Amino acid sequence: MEQQQFNVSFSVGTKLLISVVSLLLLVIVFLDVSTILLLTEDKRAYTYQAQSTEAQLAGQEFTGAARVVIDALRISLANVDPTGKFSPAQRSAVQSVLDNQGDLLGLQIHLVSKGNRAESRMVLEMRKDEALKKYSVAIEDLIVSRSDLEVVQAQFIQEGFAFLNLSRIGKTPLLAIVVADRSSTSLEMPVSIGVLPLSKLGKGARTSSLIITDLSGRALLSSDAQFLYPGSSLGSDPLLAAARASQVSEGALEFENEGKRFLGSYDRPGYGLLVLTRTEWRKAMRAAYTLAERFVFLGIMSIGAAILFAVIFSKSLTAPLHQLYRATRQVSSGNFNVDLKNRSKDEFGALSRSFNSMSQKITDLLADSVAEGARKEHLENELAIASAVQQTLFPPSQFQNENLLMRSHYQSATECGGDWWGYFGVGDQVCLMIADATGHGLPSALITAAARSCFSVMHKLAQEDPDFTYSPGSMLSYANRVVHDAANGQINMTFFVGVVDFKKGVLTYSSAGHNPPWLFKKEDSKFSLKSLVALGQRLGESRDVPEYEEKSINVAAGDILFLYTDGLVEGKNQAGEMYGKKRMRKFVESGLAAGPADVLSKLLGDFEAHNQGKPLDDDVTLAVAQFLRFGNT
């Protein structure tokens, strides 16, 4: 037995391993992504909240300190003489204001021209020397120049106050608050300027970058040294633009600036100030990223553990499958004596026991098959012998004497058939017969053998008894009893008997339900058809039957008798279409002029084309007899 090859290209263990790892990977990726998104949103909201709180506190601190200083500077202006002449009492009053303000390092009074160009002159200057030493501030650092005042002139003329950043690189950051007496009617406006250190402001802890600016974008206070000194401006900063355009006092914004991503908040505490806080995105999300990295690391560890678990589990799970696979390979090679040792109580154990049972049954079936094969071979040999014996029951397919020319064809649908035809002659008379037992196969063949034996006896009687009657009806009655007794009424047979008297030129015939043969009478060069119909019951239906009808017809030299069974007429092609008598007659008539051999050749050739190579539906028997001579002709 040739062994078939069943190769495993993708094992169950591999599938299980991939499935477990893939499932875990999907879960980990889902959890990681969900966690990162959740943490990101939470961290964003927390950052906005923290920045907003810082902005509010810084704004409140800045404006609170500014309010006190502004009030004090306004008090100092109440003692200012626009002419610039200060009495000792006035100086003392201003000095008192300075002394009472612990945050102020110095105070100056300027007279500023109300014209388009800021013309100013300082008329009074006071300072706290001890405080200057404390903050390491030089006297010249306190001086507000004309150019400084020009920067904020429009603001303090319009609003009455302004803020100046006096910070210098390498020195203590300072803030100047400018307050103007807008009620003055003189050509010169008194302006009081207080200077305080920025270190007094913005001391709180910062989690983000903080900048306090005026509406023009000039930085007054910044945790970033980049914006701490005069001349620094936020320019087109997106957060500044959003704070300027906002109709509310506070808000938050995610934005990009100079290629970096930020989370920003703003607050408008009053006095025309803007408090801006911002945190770089990467810094704000550092904790989320760290946690995400830990999740990924944990996921990798989990995947490694899952792989180890899947390998161990798949080994225990697929071991019985491997055992079954090896067993099937043995079975495919022809070894059915396989005994699987898996005694577990699970499905694999049940499958192993079922496999053992199956292999044992196959072994038993093979043994039975060998015996059955021997019996079948013996039966086939017997059928072949029966078929060979049956062939001896038929006369030769070609026969000719001075009176008669015959050609015949017989083909059974199985090894043995139920059709038969034959003839015998004594003296000037010839008896022609054709029969068809119901069904086909060995039972029908046995009945045809019985009928053949019956007519062999009658042939012997005709040879020995000069007074033997050649009555077709009598012969059918005798054959009926033989067929009935042989088949016990289980198988019937149609039969046609025709006796030709070559001395008288007469054909006498009877039929036991057989298809009427065709007699083609020759008239000049043409043939006319005569169907030989006679009434009679089929052989074997009952032991005693009415007499069979006998008919006679004159025949002459050249006439052709066509005998057939229904196997050809009722033969079907692949489409289920029957051959039919009409088509049969056409091809019989096409060969009459050339004689019996041509009739059979053309008819059988067309029938084979119709049958399309399929097995026969029934036995096919044909016999064509041409009468050559009658009497002394």
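Residues numbered from 1 in each chain as written. Predicted model: local features only at pLDDT ≥ 70, side-chain atom pairs only at ≥ 80, totals over all residues. Heavy atoms only, no water.

Student: Could you clarify how one ought to interpret the overall build of the chain in this entry?
Tutor: The helix and strand inventory of the chain stands at 13 helices and 21 strands. Put simply, the chain has 633 residues, and 44% of those count as buried. Taking as baseline every contact in the chain between residues at least 6 positions apart, the subset at least 24 positions apart corresponds to 66%. For the chain, the computed accessible surface area is about 32,600 Å², with 55% contributed by carbon and sulfur atoms. (Helix = DSSP H or I, 4+ residues; strand = E, 2+ residues; numbered from the N terminus. Buried < 20%, exposed > 50% of the residue type's maximum accessible area, 1.4 Å probe, protein only. Contact = heavy atoms within 4.5 Å. Areas by Shrake-Rupley, 256 points an atom, 1.4 Å probe, with all protein chains shown as cover.)

Student: Teacher, can you tell me more about the pairing of strand β1 (residues 106–113) here?
Tutor: Where a strand is regular, its side chains alternate between the two sheet faces. Of all eight residues in β1, seven are buried; the element is thus mostly enclosed. Judged from the eight bridges that link them, β1 and strand β5 (residues 188–197) form a sheet pairing that is antiparallel. From the neighbouring strand, glycine 106 faces β5, where its bridge partner is valine 195. Looking at chain direction, β1 and strand β2 (residues 120–127) are connected through seven bridges and run antiparallel. Residue glycine 106 lies in a different strand from β2, and its bridge partner there is arginine 127. (Pairing = 2+ DSSP bridges.)

Student: Would you take a moment to explain the sheet that holds strand β10 (residues 273–280) for this structure?
Tutor: Sheet strands associate in pairs through backbone hydrogen bonding, adopting either a parallel or an antiparallel arrangement. The strand order across the open sheet built from five strands is β7-β6-β10-β9-β8, with neighbouring strands paired in antiparallel fashion. Pairing within the sheet leaves two strands with one partner each, and these edge strands are β7 (219–222) and β8 (250–257). Going across the sheet, the axis of each strand differs from the next one's by a mean of 25 degrees, ignoring polarity. Bridge analysis of strand β6 (residues 209–214) against β10 gives six bridges, and the strand direction is antiparallel. Counterpart to leucine 210 in the pairing with β10 is threonine 277. Across the sheet, helix α5 (residues 238–245) is in contact with β6, β8, β9 (260–270) and β10; its angle to β10 comes to roughly 140 degrees. (Axes fitted to C-alpha atoms, helices over the stretch in contact; angles between N-to-C directions.)

Student: So what exactly am I meant to see when it comes to the packing of aromatic side chains here?
Tutor: Tallied over the entire structure, the rule returns 19 aromatic pairs. With a centroid separation of 4.9 Å and an interplanar angle of 15 degrees, the aromatic rings of phenylalanine 455 and phenylalanine 495 are classed as stacked. Here phenylalanine 455 is found in helix α9 (residues 442–464), whereas its partner phenylalanine 495 is found in strand β15 (residues 493–501), with 40 residues between them in sequence. By relative accessible area, phenylalanine 455 is classed as buried at 2%. Look at phenylalanine 495 and you get buried, because its relative accessible area is 0%. Considering the side-chain rings of phenylalanine 627 and phenylalanine 630, the 5.7 Å spacing of their centres and the 70 degrees angle between planes classify their relative orientation as edge-to-face. Across the pair, exposure class does not vary: phenylalanine 627 and phenylalanine 630 are buried alike. (Phe/Tyr/Trp six-rings, centres within 6.5 Å; stacked < 30°, edge-to-face > 60°.)

Student: Which parts of the structure should I look at to understand the side chain of arginine 278?
Tutor: Structurally, arginine 278 can be placed in strand β10. Those residues in contact with arginine 278 that lie beyond four places of it in its chain are Gln51, Ser208, Ser209, Ile211, Asp237, Leu239, Phe255, Asn257, Phe262, Leu263 and Gly264.

Student: Just to check I follow, could you spell out a positive patch on the surface for this structure?
Tutor: Taken together, Lys260, Arg282, Lys283 and Arg286 make up a surface patch of like positive charges. Structurally, arginine 286 can be placed in helix α7 (residues 286–332). (Patch = residues over 30% accessible without salt bridge, like charges linked within 9 Å, V, L, I, M, F, W, Y side chains within 5 Å. Salt bridge = Lys/Arg side-chain N within 4 Å of Asp/Glu carboxyl O. Lys, Arg positive; Asp, Glu negative; His and termini not counted. Charge placed at Lys NZ, Arg CZ, Asp CG, Glu CD.)

Student: Help me understand the environment of lysine 460 in this model?
Tutor: Residue position: lysine 460 is located in helix α9. Using a relative accessible area of 45% as the deciding quantity, one classes lysine 460 as partly exposed.

Student: What should I look at first to understand the pairing of strand β12 (residues 404–411) in this one?
Tutor: Of all eight residues in β12, six are buried; the element is thus mostly enclosed. Looking at chain direction, strand β11 (residues 398–400) and β12 are connected through three bridges and run antiparallel. Following the sheet pairing, glutamine 398 is matched in β12 by arginine 407. If you look at the hairpin formed by β11 and β12, you'll find three residues sitting between the two strands. Of the strand pairs in this sheet, β12 and strand β21 (residues 620–627) are connected by eight bridges, and their pairing is antiparallel. Bridging across to β21, tyrosine 410 finds its partner in threonine 621.

Student: Explanation requested: the packing of α9 against helix α10 (residues 472–487) in the structure shown.
Tutor: Each pair of packed helices can be described by the angle between their axes along with the distance between the axes. Put simply, α9 and α10 touch, their axes get as near as 9 Å, and they point 140 degrees apart. Here α9 and α10 pass one another in a crossing that is right-handed. Where α9 approaches α10, its residues Ile447, Ala450, Ala451, Cys454, Phe455, Val457 and Met458 are matched on the opposing element by Met475, Tyr478, Ala479, Val482, Val483, Ala486 and Ala487. A breakdown of the residues in the contact of α9 with α10 according to their chemical character gives 14 nonpolar, no polar and no charged. (Left-handed = near helix turned anticlockwise from the far one by under 90°. Nonpolar A, V, L, I, M, F, W, Y, C, P; charged D, E, K, R; others polar.)

Student: Help me understand unusual backbone geometry in this model?
Tutor: Leaving glycine aside, a negative phi is the common case for residues, and trans is the common case for peptide bonds. Of note, serine 136 is a non-glycine position whose phi angle comes to about 55 degrees, a positive value. Here serine 136 shows up in the loop between α3 (129–135) and α4 (146–159). The exposure class of serine 136 is exposed, given its relative accessible area of 61%.

Student: Can you help me understand α5 in this one?
Tutor: Side chains that are three or four residues apart share a direction in an α-helix, a result of its 3.6 residues per turn. Taken together, the buried positions of α5 are Leu239, Leu240 and Ala243. Each buried residue of α5 lies within a common arc of 100 degrees when the element is viewed along its axis, so the set occupies one face. Each element contacted by the buried residues of α5 is listed here: β6, β8, β9 and β10. Two to three positions downstream of the cap, the backbone nitrogen of leucine 239 sits 3.1 Å from a side-chain oxygen, assigning the N-cap of α5 to aspartate 237. (Arc of directions from axis to C-beta. Polar contact = N/O pair within 3.5 Å; in protein donor to acceptor, adjacent residues only side chain to side chain.)

Student: It is not clear to me how α4 should be interpreted in this structure. Could you clarify?
Tutor: Here α4 spans 19 Å end to end across 14 residues, near enough to the 20 Å set by a 1.5 Å rise per residue. At valine 152, α4 shows its strongest bend, of approximately 60 degrees. Inspection of α4 places Asp148, Leu149, Val152, Gln153, Gln155 and Phe156 among the buried residues, and these make up the whole buried set. Buried-residue contacts for α4 involve β1, β2, β3 (161–165), β4 (174–180), β5 and β6. Glycine 160, located one to two residues past α4, shows a positive phi value of around 90 degrees. (Expected span 1.5 Å × (residues − 1). Bend = angle between axes of the 7 residues up to and from the residue.)

Student: Would you mind showing me how to read the pattern of salt bridges here?
Tutor: When the charged atoms of two side chains lie near each other, side chains of opposite charge can form a pair. On inspection of all chains with the given rule, the structure shows 15 salt bridges. Residue arginine 261 pairs with glutamate 254 through a salt bridge whose shortest N-O separation is 2.6 Å. Look at glutamate 254 and you get partly exposed, because its relative accessible area is 32%. Connected via shared salt-bridge partners are Glu125, Arg127 and Asp129.

Student: Can you walk me through the sheet that holds strand β19 (residues 551–554) in this structure?
Tutor: Sheet architecture is open: five strands sit in the order β13-β14-β15-β16-β19, paired in antiparallel fashion. Two strands bound the open sheet, and with one partner strand each, they are β13 (419–426) and β19. The sheet shows a mean angle of 15 degrees between the axes of neighbouring strands, direction not considered. Here strand β16 (residues 506–512) runs beside β19; their pairing, made up of four bridges, is antiparallel. Across the sheet, the residue bridging to tyrosine 509 is lysine 551, located in β19. Its contacts with the sheet put α9 on β13, β14 (429–437) and β15, and the angle it makes with β13 is roughly 5 degrees. Contacts from α10 reach β13, β14, β15 and β16 within the one sheet, and its direction differs from that of β16 by about 30 degrees.

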